[in-house]
Amino acid sequence: MAVFVRNGTVNRGKQFACTTKAPITVGTTAIVFQEVSDQSALNADIDELRETTPESLEADDYPPLTIADEHGFEVLVATSRGGIQTASSEINGPSSGTRALITDEHGFALLDIDPDEGFKLPGATVTEDIDDRGAAMTITDALGFIAAQIRSDGKENPGIGTGSASDAVERLNARCLATSSMTPGEYNSAVARPIWNINHVISYGQSLERGSVSWPAVQTNQYGNLMLGDSVQNTNQQATDYPTFGEPVLKPLVATVTNGTTLYTYEEVEDFLPDQAAWGVTPTEAAIGFVKKLWLQGLAVASDTSRVFVPTINGRGGTQALALQKGASPNYYGKIPDGAAKVKAAADGLSKTSGVAGIVYIQGEADYTANTAKDTYKTRVLQIFSDIKADATTVYGAADPPAIFITQTGGSFTNDASNLAVAMAQIELADENRDIYLVGPNYQVPNRDDGHLLSNGSRWLGFMIGKVMHQVLVRGMGWRPLEPIAVEIIDGSVHIGFHVPVAPLVWDMPYDGRTPVDFPGKGFDLYDDMGAVSFTPEIVADTVVRLTPARALTTGARVRYAGKATYNGAGCLRDSDPLTSSGLYEYDPNTMQPDEDISELTGKPYPLHNWCCAFDIAIN
């Protein structure tokens with residue numbers, strides 16, 4: 001225990017520390033204090049200072065602030081008249097470098113006290129109010145929020161609050177709103193833009209990427225976009241090159257339904273069984289149509305055929321990232337450079353410039369089945385991206401590398417083992433690499449009973465991809481999905497702060513099959529080393545969700561969203577983005593099942609809200 005004496009004529013300005021060691025019996029043991037510091041010089045001429053102070057503002061109205069180390073020795077003293085002083089380095093004996101360090105929850109230094117250089121604030125901006133309108137010194141964080149303030153008028157420090165739970169929630173919400181507001185300004189000059197006549201978009205992944213069972217062919221107005229041959233699909237997902245339907249020449253893009261070497265007619269699709277194995281609408285073809293539509297709107301023109309998009313669909317169903325890597329046996333990856341070479345040759349034949357303007361990657365289901373570790377998945381996928389960019393340079397020549405747009409694996413393909421390893425890997429891939437953009441999850445759109453997307457669901461996901469591609473490639477803006485950025489325990493409850501593209505957060509109902517569903521837990525699971533914890537979910541601010549547990553959390557506490565066991569890989573949290581698609585949800589009674597006629601969707605644009613990414617993270 002340490003005591004700092006503020007008043008008196010003998011010991012004023014001195015500090016004493018208790019030297020009596022445990023055990024101590026209160027009321028019996030004699031307690032000895034020893035003088036450890038004499039800073040009476042800080043109080044010199046105090047009477048003179050009082051004479052210059054208005055009578056209503058006595059010096060004692062503003063007691064000093066003392067920061068002590070774990071031994072009770074002063075490391076920093078702030079007084080109402082003497083300013084801020086660092087204590088003598090001799091108190092704790094010889095010192096080398098930093099004497100005391102105060103850090104935030106991420107380990108970044110907020111206050112660094114050095115015996116030779118005084119105190120430093122590495123991560124803060126310090127301003128001084130020269131006119132002394134109450135704030136003598138203000139310390140702000142990187143976002144401009146007040147972290148600490150020394151005032152001369154005795155009033156409450158604005159922006160710091162009283163320490164109540166409501167203040168803590170407001171501060172968390174403010175940080176999340178500030179982070180979200182900065183994201184669109186994160187311009188990325190290091191990725192390619194659609195600057196060529198023929199802008200090739202390379203699509204790769206698994207069955208959802210290929211539009212497996214996503215029939216019938218729901219057409220998206222392609223605004224001049226083209227395809228290689230007679231379909232966006234190649235003829236054989238088992239191939240190691242890119243075999244096209246018809247000659248590999250550029251033709252106007254139309255939606256098709258195919259299986260292997262067969263291009264089905266509308267009448268043949270009418271005779272399909274409900275789960276007929278065939279490829280239909282791909283997300284990428286819908287994405288590039290939406291990009292071109294938004295691009296034309298920005299240019300205020302009805303059409304422009306001087307710059308168009310051409311997709312190649314290269315994926316293989318039911319395949320892990322390891323088997324999709326270049327050089328695997330069989331080398332399914334071989335479709336990518338061969339398809340690029342054919343697009344380049346077709347463009348050259350028309351005397352058109354060409355290049356790779358983007359990569360779409362939709363994959364992860366097979367890695368969930370195999371329970372691939374998070375870091376292993378990241379390493380494999382990054383190698384795929386590196387090889388695609390290198391091969392694009394080989395085929396098209398040197399250019400800025402293409403941006404990469406990935407979707408998060410979810411729905412019934414989810415696996416709770418290893419803390420949603422694939423979903424977390426996909427979040428980290430985007431957070432750690434400037435050229436990778438996570439569009440968001442796919443669990444919210446209508447799907448088949450086996451988890452594959454209906455034609456409208458696949459097209460809906462494509463519009464989501466197109467929205468993000470337009471923001472990055474055409475508008476030159478940054479992007480992050482709806483994802484958690486902070487988890488805090490406030491007043492005993494778990495508070496999750498989110499990056500929200502368009503605030504506020506909203507509860508909604510995702511589709512389980514063709515039926516919108518609501519969950520009492522809204523998609524969240526709360527658990528610790530003792531097991532599952534029941535809770536009450538609430539949206540308590542624009543960017544903050546509160547989970548109030550029924551019991552106190554113990555060690556190993558974690559929060560999961562969109563897990564498999566409880567929610568079949570879905571959740572109820574989205575943002576308030578008002579954007580809608582350029583195409584409408586279509587229902588055709590001749591080729592679709594009756595329950596695909598969803599009254600709240602049929603004949604209307606697809607709503608393009610941003611749904612929350614699946615995650616499983618520690619609470620700390």
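Data block above holds the structure.
Here we summarise the structure given alongside this text.

Before going further, it helps to examine the overall build of the protein chain. If you tally the helices and strands in the protein chain, you get 12 helices and 35 strands. Looking at the 620 residues of the protein chain, the share that counts as buried comes to 50%. Sequence-distant contacts, at least 24 apart, represent 68% of the contacts inside the protein chain between residues at least 6 apart. Counting every atom, the protein chain has about 26,800 Å² of accessible surface; 51% of that belongs to carbon and sulfur.

Taken as a whole and judged by the stated rule, the model has 20 aromatic pairs. Taking 5.2 Å as the distance between ring centres and 90 degrees as the angle between the ring planes, the aromatic pair formed by Tyr361 and Phe385 counts as edge-to-face. A residue pair is termed long-range when its members are at least 10 positions apart, and Tyr361 in strand E19 (residues 354-362) and Phe385 in helix H9 (residues 374-396) qualify at 24 residues. The burial state of Tyr361 is the same as that of Phe385; both residues are buried. Linked through ring pairs, Tyr443, Phe498, Trp507, Phe524, Tyr561, Trp611 and Phe615 together constitute an aromatic cluster. Sitting above the plane of the Trp215 ring, Arg448 keeps its charged end 4.9 Å from the centroid.

What follows deals with the packing of helix H5 (residues 283-299) against helix H11 (residues 455-474). Their axes nearest at 7 Å, the elements H5 and H11 cross at an angle of 45 degrees. Overall, the two elements H5 and H11 adopt an arrangement that is oblique. For the element pair H5 and H11, the recorded crossing hand is right-handed. Contacts between H5 and H11 involve Pro283, Ala286, Ala287, Phe290, Val291, Leu294 and Trp295 from the former and Ser458, Arg459, Leu461, Gly462, Phe463, Ile465, Gly466, Lys467, Met469, His470 and Val474 from the latter. Here the contact of H5 with H11 is composed, by residue class, of 12 nonpolar, four polar and two charged.

What follows covers the sheet that holds strand E18 (residues 308-313). Within a sheet, each strand pairs with its neighbour through backbone hydrogen bonds, oriented either parallel or antiparallel. Across the sheet, five strands lie side by side as E18-E13-E19-E20-E21; this open sheet has parallel pairing. Two strands bound the open sheet, and with one partner strand each, they are E18 and strand E21 (436-441). Each strand axis lies, on average, 25 degrees off the axis of its neighbour in the sheet, ignoring direction. Bridge analysis of E19 against strand E20 (residues 404-408) gives three bridges, and the strand direction is parallel. From the neighbouring strand, Ile359 faces E20, where its bridge partner is Ile404. Here H5 sits on the sheet and contacts strand E13 (198-205), E18 and E19; the angle it forms with E18, its principal contact strand, is near 170 degrees.

Let's shift gears to the side chain of Asp367. With respect to the element layout, Asp367 can be found in helix H8 (residues 365-369). Buried and unpaired, Asp367 has Arg380 as its nearest opposite-charge partner, separated by 4.3 Å. Every residue in contact with Asp367, bar those within four places of it in the chain, is listed here: Gln206, Gln320, Ala321, Thr372, Tyr377, Arg380 and Val422.

Compared with an ideal rise of 1.5 Å per residue, which puts 17 residues at 24 Å, H5 spans 25 Å between its outermost C-alpha atoms and is within 8% of the ideal. Counting buried positions along H5 yields 13 of 17 residues, so the element is predominantly enclosed. Downstream of H5 by a residue or two, Ala300 has a phi angle that is positive, lying close to 60 degrees.

Strands sit in the order E1-E2-E3 across an open sheet of three strands; the sheet is antiparallel. Only two strands of the sheet have a single partner each, and these edge strands are strand E1 (2-4) and strand E3 (33-38). Across the sheet, the axes of successive neighbouring strands diverge by a mean angle of 25 degrees, strand direction being ignored.

This part takes up the pattern of salt bridges. Under the defined criterion, the tally for this structure stands at 23 salt bridges. Linking Arg560 and Asp416 is a salt bridge whose minimum nitrogen-to-oxygen distance equals 4.0 Å. Of this pair, Arg560 sits in strand E31 (residues 558-561) while Asp416 sits in the loop between E20 and helix H10 (417-432), placing them 144 residues apart in sequence. Comparing Arg560 with Asp416 shows no difference in burial state: the two are buried. Counted as one network, the salt bridges with shared partners bring together Lys374, Lys378, Glu428 and Glu432.

Let us now look at the packing of H9 against H10. Each pair of packed helices can be summarised by the angle the axes make with each other and by the distance between the axes. At a closest axis distance of 9 Å, the pairing of H9 and H10 adopts a crossing angle of 50 degrees. Taken as axis vectors, H9 and H10 run oblique relative to one another. Note on packing geometry: the crossing formed by H9 with H10 is right-handed. Touching Lys374, Tyr377, Lys378, Val381 and Leu382 of H9 are Ala421, Val422, Met424, Ala425, Gln426, Glu428, Leu429 and Glu432, all from H10. Here the residues of the contact of H9 with H10 sort into eight nonpolar, one polar and four charged.

Parameters at a glance
Residues numbered from 1 in each chain as written. Predicted model: local features only at pLDDT ≥ 70, side-chain atom pairs only at ≥ 80, totals over all residues. Heavy atoms only, no water. Helix = DSSP H or I, 4+ residues; strand = E, 2+ residues; numbered from the N terminus. Buried < 20%, exposed > 50% of the residue type's maximum accessible area, 1.4 Å probe, protein only. Contact = heavy atoms within 4.5 Å. Areas by Shrake-Rupley, 256 points an atom, 1.4 Å probe, with all protein chains shown as cover. Phe/Tyr/Trp six-rings, centres within 6.5 Å; stacked < 30°, edge-to-face > 60°. Lys NZ or Arg CZ within 6 Å of the ring centre and 35° of its normal. Axes fitted to C-alpha atoms, helices over the stretch in contact; angles between N-to-C directions. Parallel < 35°, antiparallel > 145°, perpendicular 65-115°, else oblique. Left-handed = near helix turned anticlockwise from the far one by under 90°. Nonpolar A, V, L, I, M, F, W, Y, C, P; charged D, E, K, R; others polar. Pairing = 2+ DSSP bridges. Lys, Arg positive; Asp, Glu negative; His and termini not counted. Salt bridge = Lys/Arg side-chain N within 4 Å of Asp/Glu carboxyl O. Expected span 1.5 Å × (residues − 1).

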